[in-house]
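This is what each chain is made of:
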Amino acid sequence: MTHAWIADRTKTFDSSGIRKVFDLAAKMKDPINLSIGQPDFDVPEPVKAACIDAIQSRRNGYALTQGMPVLRDKLQARVDAEYGHADRKVFVSSGTSGGLVLAIWSLINPGDEVIIFEPYFVMYESLVKMAGGIPVLIDTYPNFTIDPERVAQAITPRTKMILFNSPANPTGAVAGEAEVRGLAELAAKHNIALVSDEIYRFFCYDQPFVSPARFNDQTLVIDGFSKSHAMTGWRLGFVHGPQEIVQTMLKLQQYTFVCAPQPAQWAGAVAMDVDMAGYVDAYRRKRDLVVAGLRDHYEMAIPGGAFYAFPKVPRGTATEFTAKAIEHNLLVIPGHIFGRRDTHFRISYAVDDSVIHRGIAALNDLARAL
Ligand code: PMP
């Protein structure tokens with residue numbers, strides 16, 4: 001970037017890594033594409049119908065900044081039933097990303113340290129830097145579990161926030177109850193903001209989802225409909241946490257995103273009543289296919305949730321491996337996109353079974369050829 005008008009804030013991070021992958025994808029003709037981070041099922045019919053109905057009934061204007069009562073009240077009731085925290089308030093955000101942006105901008109002062117677990121969702125490190133914060137990376141390879149002892153050692157007087165994500169992107173790791181409780185109690189003990197990105201909470205295959213909000217009533221939860229209901233393009237998220245923090249985030253939302261799209265909010269209220277268990281079962285089965293298919297040639301922590309697996313490359317770097325994969329018409333994401341290590345790669349199995357089978361065959365051919 002050389003243009004004189006561009007602000008310094010934008011130069012603390014770059015997006016060239018992920019863009020390179022997208023550029024490669026665009027050049028490939030009909031690739032076996034295991035790089036896509038969104039469900040392959042369509043938005044459930046009643047949800048589509050509710051959105052169309054909202055549009056036809058002229059509910060197309062600005063929504064309330066905090067969200068339309070039809071959705072917000074329903075979310076608040078669900079959150080109250082789950083946690084029973086008197087001070088926990090919900091608002092509707094413009095996607096989960098919108099919630100994350102507002103959380104960071106509302107809580108991080110320049111120089112504040114934010115603990116992030118590596119490998120992490122691409123946005124975390126950049127968002128922290130954008131706010132002038134300092135990412136403190138804790139490596140969780142090779143099992144992608146969080147050791148509260150190691151987190152305790154990383155805490156300094158400047159630690160302001162812990163960014164937690166389970167089920168996780170890119171690893172598919174689901175944190176167990178002891179891990180989550182340990183982290184939640186540690187954050188409470190040190191008065192550190194615990195932000196929990198729960199966008200994949202529906203997709204847990206082997207054990208129930210555990211939120212740190214169960215053990216720490218100050219936890220700020222960021223969630224949304226993108227993955228659970230395949231609504232990534234509808235930009236519908238929600239946040240719940242301590243009232244005063246929520247009010248601060250709303251103040252910022254008012255002057256940035258303004259609101260989440262109104263028709264999507266009417267549809268979101270309907271989405272809350274759609275039974276998604278069948279979709280989750282289908283993804284569990286896809287997970288099992290991937291685990292069984294790669295067992296002979298790849299080291300891999302068995303992913304318990306989301307729709308990702310994060311195997312280790314058999315030889316060389318993940319960047320080299322990804323280049324070789326492209327020669328086999330296969331698109332995966334190299335690990336360096338998600339942190340400092342370049343030893344693993346992400347595959348998304350949110351694709352048709354036929355694509356999974358072709359992907360497994362290509363990956364095994366590749367491992368044998370290396
Ligand atoms: N958090 C995580 C962990 C994600 O993987 C994603 C989407 N890839 C998001 C947040 C952003 O979701 P949204 O589309 O709702 O902004």
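This structure is a prediction, so every number in the text was calculated from the model and none was measured.

### Here's the deal with the overall build of the protein chain
For step 1, the next point in the chain: The number of helices and strands found in the protein chain is 12 helices and 12 strands.
For step 2, the next point in the chain: Dimensions of the protein chain along its principal axes, counting C-alpha atoms only, are 55 × 55 × 50 Å.
For step 3, the next point in the chain: Relative to its 370 residues, the protein chain shows a buried fraction of 54%.
For step 4, the next point in the chain: Sequence-distant contacts in the protein chain: of pairs separated by 6 or more residues, those separated by 24 or more amount to 76%.
For step 5, the next point in the chain: By element, 53% of the accessible surface of the protein chain is carried by carbon and sulfur atoms, the whole surface being about 16,500 Å².
For step 6, the next point in the chain: Distance from the positive charge centre (38 side chains) to the negative charge centre (40 side chains) of the protein chain: 4 Å.

### Let's talk about the packing of aromatic side chains
For step 1, the next point in the chain: Summed over the entire model, instances satisfying the criterion amount to 17 aromatic pairs.
For step 2, the next point in the chain: Judged by centre distance (5.3 Å) and plane angle (70°), the rings of Tyr141 and Phe144 are edge-to-face.
For step 3, the next point in the chain: Judged by relative accessible area, Tyr141 falls into the buried class, the value being 10%.
For step 4, the next point in the chain: Seen in terms of ring centroids, Phe203 and Tyr283 are 5.8 Å apart; in terms of plane orientation they differ by 25°. Their pairing is stacked. You can see Phe203 sitting in the loop between strand 6 (193-197) and strand 7 (220-224) and its partner Tyr283 sitting in helix 10 (residues 277-294), a full 80 residues away along the chain.
For step 5, the next point in the chain: Residue Phe203 is classed as buried on the basis of its relative accessible area of 1%.

### What to know about the site of the ligand
For step 1, the next point in the chain: Close contacts around the ligand come from 13 residues, with Ser97, Asp197, Tyr200, Ser226 and Arg235 the closest.
For step 2, the next point in the chain: Separating an oxygen atom of the ligand from a side-chain N or O atom of Asn169 is a distance of 2.8 Å.
For step 3, the next point in the chain: Tyr200 is positioned such that a nitrogen or oxygen atom in its side chain is 2.7 Å from an oxygen atom of the ligand.
For step 4, the next point in the chain: For the ligand, whose free accessible area comes to 400 Å², the fraction covered by protein is 91%.
For step 5, the next point in the chain: More than half of the atoms of the ligand fall within 2 Å of the grid points belonging to the largest pocket.
For step 6, the next point in the chain: Here the shell around the ligand gets three residues from one element, more than from any other, and that element is helix 4 (residues 95-107).

### Topic: the layout of surface pockets
For step 1, the next point in the chain: The volume enclosed by the largest pocket comes to roughly 930 Å³.
For step 2, the next point in the chain: As for the largest pocket, its lining consists of 39 residues, of which Ile18, Phe121, Val122, Met123 and Ile337 are closest to the centre.
For step 3, the next point in the chain: When residues of the lining of the largest pocket are traced back to their parent elements, those giving at least two are helix 1 (16-27), helix 4 and helix 5 (123-130).
For step 4, the next point in the chain: Of all the elements, helix 5 adds the most residues to the lining of the largest pocket, at seven residues.
For step 5, the next point in the chain: For the lining of the largest pocket, the class distribution of residues is 18 nonpolar, 14 polar and seven charged.
For step 6, the next point in the chain: In this model, the second largest pocket occupies a volume close to 240 Å³.
For step 7, the next point in the chain: Taken together, Leu107, Lys160, Ala187, Ala188, Asn191, Ile192, Ala193, Leu194, Asn216, Gln218, Leu220 and Ile245 make up the full set of residues lining the second largest pocket.
For step 8, the next point in the chain: Mapped onto the lining of the second largest pocket, the elements with two or more residues apiece are helix 7 (177-190) and strand 6.
For step 9, the next point in the chain: Of the residues in the lining of the second largest pocket, the class split is eight nonpolar, three polar and one charged.

### What to know about the environment of Phe121
For step 1, the next point in the chain: Within the fold, Phe121 resides in the loop between strand 3 (113-118) and helix 5.
For step 2, the next point in the chain: The residues contacting Phe121, other than those within four sequence positions of it, are Leu100, Asn169 and Asp197.

### Structural notes on the domain arrangement of the protein chain
For step 1, the next point in the chain: Assigned domains of the protein chain: these are domain 1 (8-43 + 276-369) and domain 2 (45-271).
For step 2, the next point in the chain: Domain 1 and domain 2 are separated by 24 Å when their C-alpha centres are compared.
For step 3, the next point in the chain: Facing the 33 residues of domain 1 at the interface are 38 residues of domain 2.
For step 4, the next point in the chain: At the boundary of domain 1 with domain 2, total buried surface from both sides reaches about 3,200 Å², with 61% on carbon and sulfur atoms.

### Thoughts on the pairing of strand 4 (residues 134-139)
For step 1, the next point in the chain: Taken across its six residues, strand 4 has five buried, putting it largely inside the fold.
For step 2, the next point in the chain: When strand 3 meets strand 4, the two strands line up parallel, connected through six bridges. In the strand pairing of strand 4, Phe117 is matched with Ile138.
For step 3, the next point in the chain: Regarding topology, helix 5 serves as the crossover connection from strand 3 to the parallel strand 4, and that connection is right-handed.

### Considering the side chain of Lys227
For step 1, the next point in the chain: For Lys227, the location among the structural elements is in the loop between strand 7 and strand 8 (237-242).
For step 2, the next point in the chain: Notably, Lys227 is buried but unbridged: the nearest opposite-charge side chain belongs to Asp197, and the N-O separation is 8.7 Å.
For step 3, the next point in the chain: Residues within four places of Lys227 in sequence aside, it is in contact with Gly37, Pro39, Phe41, Ile199, Tyr200, Phe203, Thr232, Phe307 and Tyr308.

### Regarding the pattern of salt bridges
For step 1, the next point in the chain: Per the counting criterion, the structure on display carries 20 salt bridges.
For step 2, the next point in the chain: Notably, a salt bridge pairs Lys48 with Glu45, separated by 3.2 Å at the nearest N-O pair. Of the two residues, Lys48 and Glu45 both sit in helix 2 (residues 45-56), three residues apart, roughly one turn of that helix.
For step 3, the next point in the chain: When its relative accessible area of 24% is taken as the criterion, Lys48 is described as partly exposed.
For step 4, the next point in the chain: Look at Glu45 and you get exposed, because its relative accessible area is 54%.
For step 5, the next point in the chain: With its nearest N and O atoms 2.9 Å apart, the salt bridge here joins Asp139 to Arg341. Taken together, the positions of Asp139 in strand 4 and Arg341 in the loop between strand 11 (333-334) and strand 12 (345-348) put the pair 202 residues apart, joining distant regions of the chain.

Rules used throughout
One numbering rule holds for all chains: residues counted from 1, following each sequence as written. pLDDT decides what is reported in this predicted model: residues at 70 or higher carry local features, side-chain atom pairs at 80 or more are listed and counted, and totals for whole chains, interfaces and linings draw on all residues regardless. Only hydrogens and water are set aside; all other atoms, that is, all heavy atoms of the structure, feed into the side-chain values. A helix here means a DSSP run of H or I that spans at least four residues, while a strand means a run of E at least two residues long, and both kinds are numbered starting from the N terminus. Exposed residues in this analysis have more than 50% of their type's maximum accessible area, buried residues have under 20%, and partly exposed residues fall in between, with area computed by a 1.4 Å probe over protein chains only. Here a residue-residue contact requires only that any non-hydrogen atoms of the pair lie within 4.5 Å. Shrake-Rupley sampling with a 1.4 Å probe provides the accessible areas, and residues are treated as covered by the protein chains on show and by no other component. The charge count treats Lys and Arg as positive and Asp and Glu as negative. His and the chain ends do not count. Each charge is placed at NZ for Lys, CZ for Arg, CG for Asp and CD for Glu. Here is the rule: rings of Phe, Tyr and Trp (six-membered ring for Trp) pair when centre to centre is within 6.5 Å. Planes less than 30 degrees apart are stacked, more than 60 are edge-to-face, and the remainder are tilted. Throughout this document, a residue counts as near a molecule or strand when at least one of its heavy atoms sits within 4 Å of that molecule or strand. In protein, a polar contact requires one atom able to donate a hydrogen and another able to accept it; more generally it is a pair of N or O atoms within 3.5 Å, and residues adjacent in sequence count only if both atoms are side-chain atoms. A 1.4 Å probe that fits into a set of points on a 1 Å grid over the protein atoms alone but cannot get out defines a cavity; an open set with protein on both sides within 12 Å along at least five of seven lines defines a pocket, and lining residues are those with an atom within 4 Å of a point. To decide whether a molecule occupies a pocket or cavity, check its atoms: if more than half lie within 2 Å of the grid points, it is inside. Grid points are joined across faces, edges and corners, and a volume is the space filled by probe spheres set on the points. Three residue categories are used. Nonpolar comprises Ala, Val, Leu, Ile, Met, Phe, Trp, Tyr, Cys and Pro, charged comprises Asp, Glu, Lys and Arg, and polar comprises the others, including Gly. As annotated, the domain borders come from an automatic or database domain assignment. Summed over both partners, buried area is the accessible surface (1.4 Å probe) that two parts give up on being assembled. At least two bridges found by DSSP between two strands are what make those strands a pair. By convention, a crossover is right-handed whenever its connection, traced from the first strand over the helix to the second and viewed with the strands pointing away, goes clockwise. Any Lys or Arg side-chain nitrogen located within 4 Å of an Asp or Glu carboxyl oxygen qualifies as a salt bridge.

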